[in-house]
Amino acid sequence: MRIVKKAQAGTMQSSDLMVFVEPAETLTVEIDSTVKKQFEHLIRQKIDLVLATQGVTTGKIHVTDRGALDYAIEARLETALKRGGEV
Amino acid sequence: MVTELTCAADVSAARDFIQRNGLTFENGFDNLAGVFENGKLVAVGARAGNILKMLAIEPSHQSGALLGEIVTDLVNRGFSAGFESLFVYTKPEYATSFEALNFSLLVCHERVALLEYGTGLEQWLASAHHLIRPGANGAVVMNCNPFTLGHRHLIETAAHRVDHLYIFVVREDRSVFPFEVRIRLVQEGVRDVPNVTVLDTSHYSISNVTFPAYFFKERDPVALIQMELDLALFAARIAPPFGISTRFAGTEPYCEITAGYNEAMKRVLPNYWIEVVEIERKHTDQGAISASQVRAKLADEDWTGVAELVPESTLAWLRSAEAASIRERVHQNKGRH
């Protein structure tokens, strides 16, 4: 899947996250999180996994998280990719 | 559920709600959003460009999820409208509520706090990190619309007095000359000065966010707070990483807003141990050189006049084919910016 336009998914509520995706030449993943110190590596791991599953190799992914669990991260990122991506 | 408030009755209810919560209702927003409970508003917020404002939550409903709901809605709309960064002005006591929503505090000054969504300032500072030079450094923040011999004089004089001088060119595109042109003419105009670095201000100095009144002609109490906040942000967050201990400015004989900004510099910056140095403007026999004179002479196609006020590099560009549309625009628009 390739990101062809800007898209977003999610909310700012506690235990949720917002995902912003946009087209870019390279792949970058930016993570802001209220629990960044403790869990950034796990959030990143999950995001990388979803990106790999969806075959996304370029784009700018920006996540602002408020302590979402891994299935929420997966669902929000998948939704954002479906909104902004083209197979 | 968050609803957009568009009809007159809803807007007027929102106005009452905002005022009842001790905020000022300002017109000129892009979205006004609210949450109703049993037909009554319990939360309101608005977005104007990349700024979120007039956020108010019914006191009995505070510390719940409403702020997150309203802000989510406004951030989504701002993102859809194409804004990369979003900012919020609030009272200092509410800053932590926004920090919990992944906003980061830029600066607190007296009764106002400015936060941004995400970590744009840190990223901007990181991207400029390789430009940092050791020593007792100075800074000027300039619009350069366009670069004149006056700017050149200020830069030369300032560069003499410090180890290294950073020239921050205002990024906000509200001027006749677009940012890309303004910064290029500065770079060309100072190429032979050894100890200067030219960079841009991003959103963080004299921008639509920190100091919108600069781009209008207003001078009111709000403009005064904005100026001081803009300077506090510079002093607290930008000056320290760059090792800036002196900020330079040209004396301002023409524009009341800029003169007020210079005065605010002298009030605010010394509190952060930053010295303010005003440098007398370079004069010709027609008075102090200013970019607005250049634009006026350009509008009259008085090329001899223009040549007296700008360096070779600026003159060459102004005469080039690339500048045709700008010459046209200067003709039509004989305003301040």
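Everything numeric here is computed off the predicted structure, so don't read it as measured data.

## Brief notes about the nonpolar core
For soluble globular proteins, nonpolar side chains are generally found buried alongside one another.
All names here are of chain B.
Next up, step 1: Counting 45 residues, the largest nonpolar core has Phe168, Phe234 and Phe242 as its most contacted members.
Next up, step 2: Broken down by secondary-structure element, the contributors of at least two residues to this core are β6 (103-109), β7 (112-117), α4 (120-127), β8 (137-142), β9 (165-169), α7 (221-242), β11 (244-250) and α8 (256-268).
Next up, step 3: Broken down by element, the residue count for this core peaks at 11 residues, all from α7.
Next up, step 4: Inspection of this core shows a minimum of three residues originating in each of domain 1 (2-118) and domain 2 (132-332).
Next up, step 5: Beyond its immediate sequence surroundings of up to four residues, Phe168 is in contact with Trp124, Ala139, Val140, Val141, Met142, Leu199, Asp200, Thr201, Phe234, Ile238, Phe242 and Ile244.

## Quick notes on the sheet that holds β11(B)
Residues and elements named next belong to chain B.
Next up, step 1: Spatially, the five strands line up as an open sheet ordered β10-β9-β8-β11-β12, and their pairing is parallel. A single partner strand is all that each edge strand has here, and the edge strands are β10 (196-200) and β12 (275-279). Strand after strand, the sheet turns through a mean of 25° between neighbouring axes, direction not considered.
Next up, step 2: Sheet strands touched by α7: β8, β9, β10 and β11. Its angle to β11, the strand with the most contacts, is close to 130°.

## What about the interface of chain B and chain A?
Next up, step 1: In this complex, chain B contributes 20 residues to the contact, which on the side of chain A involves 19 residues.
Next up, step 2: For the pair chain B and chain A, the summed buried area comes to about 1500 Å², and 50% of that belongs to carbon and sulfur atoms.
Next up, step 3: It is B:Phe79, B:Asn102 and B:Tyr117 that lose the most area in chain B upon contact with chain A, and together they represent 40% of the buried surface on that side.
Next up, step 4: The interface formed by chain B and chain A holds zero salt bridges in total.
Next up, step 5: Across the contact surface, chain B and chain A share seven residue pairs in polar contact (both at pLDDT 80 or more).
Next up, step 6: If you tally residues by element for the side of chain B that touches chain A, the top one is helix α2 (residues 66-80) of chain B, at eight residues.
Next up, step 7: In terms of residue class, the side of chain B that touches chain A is made up of eight nonpolar, nine polar and three charged.

## A short note on the pattern of salt bridges
Residues and elements named next belong to chain B.
Next up, step 1: The tally for this structure, following the rule as stated, stands at 18 salt bridges over all chains.
Next up, step 2: Here Lys53 ties to Glu26 by a salt bridge, and the two come within 3.3 Å at their closest N and O atoms. Here Glu26 lies in the loop between α1 (8-20) and β2 (31-37) and Lys53 lies in strand β4 (residues 51-57), a separation of 27 residues in the sequence.
Next up, step 3: Exposure remark for Lys53: the relative accessible area of 17% places this residue in the buried category.
Next up, step 4: When the shortest N-O distance is used, the salt bridge between Arg267 and Glu228 registers 2.8 Å. Of this pair, Arg267 sits in helix α8 while Glu228 sits in helix α7; the two residues are 39 residues apart in sequence, bridging distant segments of the chain.
Next up, step 5: Arg267 sits in the partly exposed class, given a relative accessible area of 40%.

## Observations regarding α2(B)
All names here are of chain B.
Next up, step 1: Between its first and last C-alpha, α2 extends 21 Å over 15 residues, near the 21 Å set by a 1.5 Å rise per residue.
Next up, step 2: With 12 of 15 residues buried, α2 is to be regarded as a mostly interior element.
Next up, step 3: Those residues of α2 lying buried are Leu66, Leu67, Gly68, Ile70, Val71, Thr72, Asp73, Leu74, Val75, Asn76, Gly78 and Phe79.

## Some remarks on the side chain of B:Ser205
Next up, step 1: Relative to the helices and strands, B:Ser205 is located in the loop between β10 and α7.
Next up, step 2: The contact partners of B:Ser205, leaving out residues within four places of it in the chain, are B:Val141, B:Thr210, B:Asp230, B:Arg247 and B:Tyr261.

## Brief notes about the sheet that holds strand β1 (residues 2-4) of chain B
Residues and elements named next belong to chain B.
Next up, step 1: As summarised here, the arrangement of the seven strands in space is β1-β2-β3-β4-β5-β7-β6, forming an open sheet in which the pairing is mixed. On the outer flanks of this sheet lie β1 and β6, each paired with one strand and no other. Averaged over all pairs of adjacent strands, the angle between strand axes in this sheet comes to 25°, irrespective of strand direction.
Next up, step 2: Looking at chain direction, β2 and strand β3 (residues 40-48) are connected through seven bridges and run antiparallel. Paired with Glu37 across the strands is Lys40, a residue of β3.
Next up, step 3: Together, β5 (87-90), β6 and β7 form the strand contacts of α7, whose direction differs from that of β6 by roughly 115°.

Basis of the calculations
Residues numbered from 1 in each chain as written. Chains lettered and ligands numbered in written order. Predicted model: local features only at pLDDT ≥ 70, side-chain atom pairs only at ≥ 80, totals over all residues. Heavy atoms only, no water. Core = buried A, V, L, I, M, F, W, Y, C linked by side-chain atoms within 4.5 Å. Buried < 20%, exposed > 50% of the residue type's maximum accessible area, 1.4 Å probe, protein only. Helix = DSSP H or I, 4+ residues; strand = E, 2+ residues; numbered from the N terminus. Domains from an automatic or database assignment. Contact = heavy atoms within 4.5 Å. Pairing = 2+ DSSP bridges. Axes fitted to C-alpha atoms, helices over the stretch in contact; angles between N-to-C directions. Buried area = accessible area lost by both parts, 1.4 Å probe. Salt bridge = Lys/Arg side-chain N within 4 Å of Asp/Glu carboxyl O. Polar contact = N/O pair within 3.5 Å; in protein donor to acceptor, adjacent residues only side chain to side chain. Nonpolar A, V, L, I, M, F, W, Y, C, P; charged D, E, K, R; others polar. Expected span 1.5 Å × (residues − 1).

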